[in-house]
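Letter by letter, the chains look like this.
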Amino acid sequence: MRKTNIQPWTKQWDVAYNQEQKLLKEVLKDELIDIFHIGSTSVSAIGYAKPIIDILIVVKEIEKVDRYNETLRKAGYVPKGENEIAGRRYFPKGKENRTHHVHIFQVGNEHIQTHLDFKMYLIAHPEDAKAYGELKLKLAKQFPEEHDMYQEGKQEFVNELVEKARSWRGE
């Protein structure tokens, strides 16, 4: 069982993203359309996050990503296929001490816009970002050894933020 490790936001997460995106751009260069730093480590106003860099990659053809599994494995990533999200390729790095989560989608997949809207909404609404960070901290203290309970505890709030982000983008 993974522990829930929440830490104060640090600029080091941007540095870690920039280093990793260079590697990933080189590996996936033939399929790559775009690459983004997403998740709580990409929004300083949240204030707290698990020290895991989430990276969103947009590619031309999702099926071709499987050709890169061995190269990504050599870079420390574990190919997990769709991992419960249809149309995605998921690659965690760091085994028990995860450092990165790579989420790859084909251009046009609705999950891309959802992730980007979520990030931009939180940047534009620091009060909601701060509330999200405080919830993360509270749940991490409540469930330090039960990561699933931590995830479950924040899901309703995340869903509300996703809906706010959709409405906000549509305005």
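Here the structure is shown first, and the text comes after it.
Residues numbered from 1 in each chain as written. Predicted model: local features only at pLDDT ≥ 70, side-chain atom pairs only at ≥ 80, totals over all residues. Heavy atoms only, no water.

Caption draft 1: The layout of surface pockets, seen in detail. Its boundaries defined by the atoms lining it, the largest pocket holds a volume of some 1100 Å³. The wall of the largest pocket is formed by 33 residues, among which Asp54, His103, His115, Gln151 and Lys154 lie closest to the centre. Considering every element that reaches the lining of the largest pocket, the biggest residue donor is helix H5 (residues 147-170), with 9 residues. Partitioned by chemical class, the residues of the lining of the largest pocket number 10 nonpolar, 13 polar and 10 charged. The calculated volume of the second largest pocket comes to roughly 200 Å³. Along its surface, the second largest pocket is lined by 10 residues, and Lys3, Asn5, Glu96, Asn97 and Arg98 are the ones closest to its centre. Partitioning the lining of the second largest pocket into residue classes produces 2 nonpolar, 3 polar and 5 charged. (1 Å grid on protein atoms, 1.4 Å probe; cavity = no way out; pocket = protein on both sides within 12 Å on 5 of 7 lines; lining within 4 Å. Points joined across faces, edges and corners; volume = space filled by probe spheres on them. Helix = DSSP H or I, 4+ residues; strand = E, 2+ residues; numbered from the N terminus. Nonpolar A, V, L, I, M, F, W, Y, C, P; charged D, E, K, R; others polar.)

Caption draft 2: Representation of the nonpolar core within the structure. Ranked by size, the top nonpolar core spans 21 residues in total, and within it Leu24, Ile55, Ile57, Val102 and Ile104 carry the most contacts. When residues of this core are assigned to their parent elements, the largest contribution, 5 residues, is made by helix H1 (residues 12-27). Excluding residues that lie within four positions of it along the chain, Ile57 makes contacts with Leu24, Leu28, Leu32, Asp34, Ile35, Val102, His103, Ile104 and Phe105. (Core = buried A, V, L, I, M, F, W, Y, C linked by side-chain atoms within 4.5 Å. Buried < 20%, exposed > 50% of the residue type's maximum accessible area, 1.4 Å probe, protein only. Contact = heavy atoms within 4.5 Å.)

Caption draft 3: Structural detail: the sheet that holds strand S6 (residues 100-106). Read across the open sheet, the 4 strands follow the order S2-S4-S6-S5; overall the sheet is mixed. Unpaired on one side and paired on the other, strand S2 (32-38) and strand S5 (88-93) mark the two borders of the sheet. Averaged over all neighbouring strand pairs, the angle between strand axes comes to 20 degrees, with direction disregarded. Direction of pairing for S5 relative to S6: antiparallel, over a ladder of 6 bridges. (Pairing = 2+ DSSP bridges. Axes fitted to C-alpha atoms, helices over the stretch in contact; angles between N-to-C directions.)

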